[in-house]
Amino acid sequence: MAARELILAFESSCDETSVAVVENGNKILSNIIATQIKSHQRFGGVVPEVASRHHVEQITLVTDAALKEAGVTYTDLTAVAVTYGPGLVGALLIGVTAAKTIAYAHHLPLIPVNHMAGHIYAARFVKPLTYPLLALAVSGGHTELVYMKAAGEFEIIGDTRDDAAGEAYDKVGRILGIPYPAGKEVDRLAHLGHDTFHFPRAMDKEDNLDFSFSGLKSAVINTVHHADQIGETLSREDLAASFQAAVVDVLVHKTQKALTNYPVKQLIVAGGVAANQGLKEAMNEALAVHFPDVDVIVPPLRLTGDNGAMIGAAAHIELAKRHLASENLNADPGLSFAHA
Ligand SMILES: Nc1ncnc2c1ncn2[C@@H]1O[C@H](COP(=O)(O)OP(=O)(O)OP(=O)(O)O)[C@@H](O)[C@H]1O
Ligand SMILES: [Mg+2]
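Residues numbered from 1 in each chain as written. Chains lettered and ligands numbered in written order. Predicted model: local features only at pLDDT ≥ 70, side-chain atom pairs only at ≥ 80, totals over all residues. Heavy atoms only, no water.

Under an unreviewed UniProt entry, the chain has the name tRNA N6-adenosine threonylcarbamoyltransferase and belongs to Lacticaseibacillus zeae. UniProt annotates the chain under Subcellular location (unreviewed entry) with the comment "Cytoplasm". (UniProt positions renumbered as here; feature names shortened; annotations may be inferred.)

**Student:** Please clarify how the domain arrangement of the chain should be interpreted in this entry.
**Tutor:** It is common to report an interface's size as the accessible area lost on association of the parts. Examined at the domain level, the chain breaks down into domain 1 (6-120 + 303-339) and domain 2 (130-298). A straight line from the C-alpha centre of domain 1 to that of domain 2 covers 27 Å. Taken together, the two surfaces of domain 1 and domain 2 that pack against each other cover about 1,800 Å², and 68% of this comes from carbon and sulfur. Between the two partners, domain 1 and domain 2, sit zero salt bridges. Here domain 1 is connected to domain 2 by five residue pairs in polar contact (both at pLDDT 80 or more). Of all the elements in the fold, those that place two or more residues in the side of domain 1 that touches domain 2 are α1 (37-41), α4 (115-121), α11 (308-320) and β11 (338-339). (Domains from an automatic or database assignment. Buried area = accessible area lost by both parts, 1.4 Å probe. Salt bridge = Lys/Arg side-chain N within 4 Å of Asp/Glu carboxyl O. Polar contact = N/O pair within 3.5 Å; in protein donor to acceptor, adjacent residues only side chain to side chain. Helix = DSSP H or I, 4+ residues; strand = E, 2+ residues; numbered from the N terminus.)

**Student:** What exactly am I supposed to notice about the coordination of the magnesium ion (ligand 2) here?
**Tutor:** For a metal bound by four donors in a tetrahedral arrangement, the ideal donor-metal-donor angle is 109.5 degrees, while six donors in an octahedral arrangement ideally sit at 90 or 180 degrees. Surrounding the magnesium ion (ligand 2) are the protein donor atoms His-115 (NE2), His-119 (NE2) and Asp-306 (OD), at 2.0 to 2.2 Å. Sequence positions of the donors to the magnesium ion (ligand 2) reduce to the motif H-x3-H-x186-D. Of the two residues, His-119 sits in helix α4 while Asp-306 sits in the loop between α10 (301-304) and α11, which places them 187 residues apart along the sequence. (Donors = N, O, S within 2.8 Å, 3.2 Å for Na, K, Ca; no water.)

**Student:** Explain the pairing of strand β6 (residues 133-138) to me, please; I cannot follow it from the model alone.
**Tutor:** The two faces of a sheet get side chains in turn, since along a regular strand they alternate between them. Of all six residues that make up β6, six are buried, and the element is covered over most of its length. With burial as the criterion, each face of β6 is covered, one bearing Leu-133, Ala-135 and Ala-137 and the other bearing Leu-134, Leu-136 and Val-138. In this sheet, strand β7 (residues 143-148) lies alongside β6 in antiparallel orientation, the contact comprising six bridges. Counted as the bridge partner of Ala-135 is Val-146 from β7. What sits between β6 and β7 in their antiparallel hairpin is a turn of four residues. As judged from the four bridges shared by β6 and strand β9 (residues 266-270), these two strands associate in the parallel manner. Residue pairing for β9: Leu-134 is matched across the bridge by Leu-267. (Buried < 20%, exposed > 50% of the residue type's maximum accessible area, 1.4 Å probe, protein only. Pairing = 2+ DSSP bridges.)

**Student:** Could you clarify how one ought to interpret the UniProt feature "binding site: substrate" (unreviewed entry) in the chain in this entry?
**Tutor:** The UniProt feature table records "binding site: substrate" (unreviewed entry) at Ala-137, Val-138, Ser-139, Gly-140, Gly-141, Asp-170, Gly-183, Asp-187 and Asn-276. Within the annotated group, the residues that form the lining of the largest pocket are Ser-139, Gly-140, Gly-141, Asp-170, Gly-183, Asp-187 and Asn-276. Here Gly-183 shows up in helix α6 (residues 183-190). Of the residues examined, Gly-183 reaches a relative accessible area of 22% and is grouped as partly exposed. Setting aside chain neighbours within four positions, we find Gly-183 in contact with Tyr-169 and Asp-170. (1 Å grid on protein atoms, 1.4 Å probe; cavity = no way out; pocket = protein on both sides within 12 Å on 5 of 7 lines; lining within 4 Å. Contact = heavy atoms within 4.5 Å.)

**Student:** How should the pattern of salt bridges be read in this particular structure?
**Tutor:** Side-chain pairing between opposite charges can occur once the charged atoms of the two side chains come close. Using the criterion set out here, one finds 10 salt bridges in the structure. With a closest N to O distance of 2.9 Å, Arg-161 and Asp-210 form a salt bridge. Here Arg-161 is found in the loop between β8 (155-159) and α5 (165-175), whereas its partner Asp-210 is found in the loop between α6 and α7 (214-229), with 49 residues between them in sequence. One salt bridge in this structure joins Asp-249 and Arg-201, with 2.9 Å as the shortest N-O distance. Remark: Arg-201 occurs in the loop between α6 and α7 and Asp-249 occurs in helix α8 (residues 236-261); sequence separation between them is 48 residues. Residue Asp-249 is classed as partly exposed on the basis of its relative accessible area of 28%. One salt-bridge network, in which partners are shared between bridges, spans Asp-163, Glu-167, Lys-171 and Lys-217.

**Student:** Help me understand the site of ligand 1 in this model?
**Tutor:** Neighbouring residues of ligand 1: 21 residues in total, closest Ser-139, His-142, Asp-170, Asn-276 and Asp-306. One of the backbone nitrogen or oxygen atoms of Gly-141 is found 2.9 Å away from an oxygen atom of ligand 1. Contacts to ligand 1 include Asp-170, whose side-chain N or O atom sits 2.7 Å from an oxygen atom. The fraction of the free accessible surface of ligand 1 (640 Å²) that becomes covered by protein chains is 88%. Counting atoms within 2 Å of the grid points, the majority share of ligand 1 lands in the largest pocket. Those elements that provide at least two residues to the shell around ligand 1 are α4, α5 and α6. Taken together, the residues of the shell around ligand 1 break down into seven nonpolar, 10 polar and four charged. (Near = heavy atom within 4 Å. Areas by Shrake-Rupley, 256 points an atom, 1.4 Å probe, with all protein chains shown as cover. Sits in = over half its atoms within 2 Å of the grid points. Nonpolar A, V, L, I, M, F, W, Y, C, P; charged D, E, K, R; others polar.)

**Student:** Explain the pairing of β7 to me, please; I cannot follow it from the model alone.
**Tutor:** Summarising burial for β7: six of the six residues are buried, a large majority. Burial along β7 is two-sided: Thr-143, Leu-145 and Tyr-147 and Glu-144, Val-146 and Met-148, pointing in opposite directions, are all buried. When β7 meets β8, the two strands line up antiparallel, connected through four bridges. Pairing of Tyr-147 across the sheet is with Glu-155, part of β8. In this antiparallel pair of consecutive strands, β7 and β8, the connection spans six residues, and Gly-152 shows a positive phi of 75 degrees.

Following this line, the structure appears as structure tokens:
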């Protein structure tokens, strides 16, 4: 093995084509991200066929750019890693095919990575991780509390029964006239308003670690429709603030419940919604009071959304365990961690 471990990591599960070069699992030499957001915006969400076509167009350009920026060539690499699920099957297949081809052509080990493991391991670029730990993974497609007994071991202890938090943000954003993806703008509006609507905190009082966001989403939509019908205009800032308060309350309460049942020293907040300012503030505040010994790790903004570097970080753990794939690796759109 080369003196330094260099992993070329591919991510193409949704609407970002990203390739990174990661050294020793914790140093980003390059992390090129080609986003397709503009192509999907007019449809109000990601169109799978459009996503696949963009990935095909971008993948070799992004790969070349990642190697160039890192100042390395294929012969310097230790391994190739790729997200093989969960995600859109056509989108995943582009990354999987590119990674397999490069691994085969250059006789490199191929490391299959779970996209959600990538989101969690983005925290590895902030500081070393100590186990056991808890992760709150909140993204466009997932809302999960994950217990990690050891490196590379993931157990779902809480999950959403319906919509993911990011999905609820995007749907509520739509009714507020905000283009996809709406999370960032709803977050900004929320900071300008107040929680005047007191939307329901679903499952907050229930004795489990699960979530539900579809009732909240419907409550916001019904409130706006009802106001429209009677010719009333509601404050978008207050709607955003009220929606965000309900989401954040439940995420923070369930995380606290998880920390009580599963004592750990580190909590990772991962995924696109981890960028949420309101969530970060409320989580830090609540944990400072109730769990002062727990260290909250939120990856920097550019690493919370989909990117290749996080896949490289997760791949480092898998490589150490020799969890490798053959050239028969296939995309697994419904890939999931095991439930507790
Ligand atoms: N500041 C923010 N506040 C709330 N939500 C946000 C913020 N920034 C981004 N998001 C949301 O994050 C989501 C995108 O996250 P991410 O890219 O991790 O999801 P995904 O890759 O589509 O889904 P998954 O990772 O579950 O497969 C979108 O729903 C977006 O609205
Ligand atoms: Mg993602």
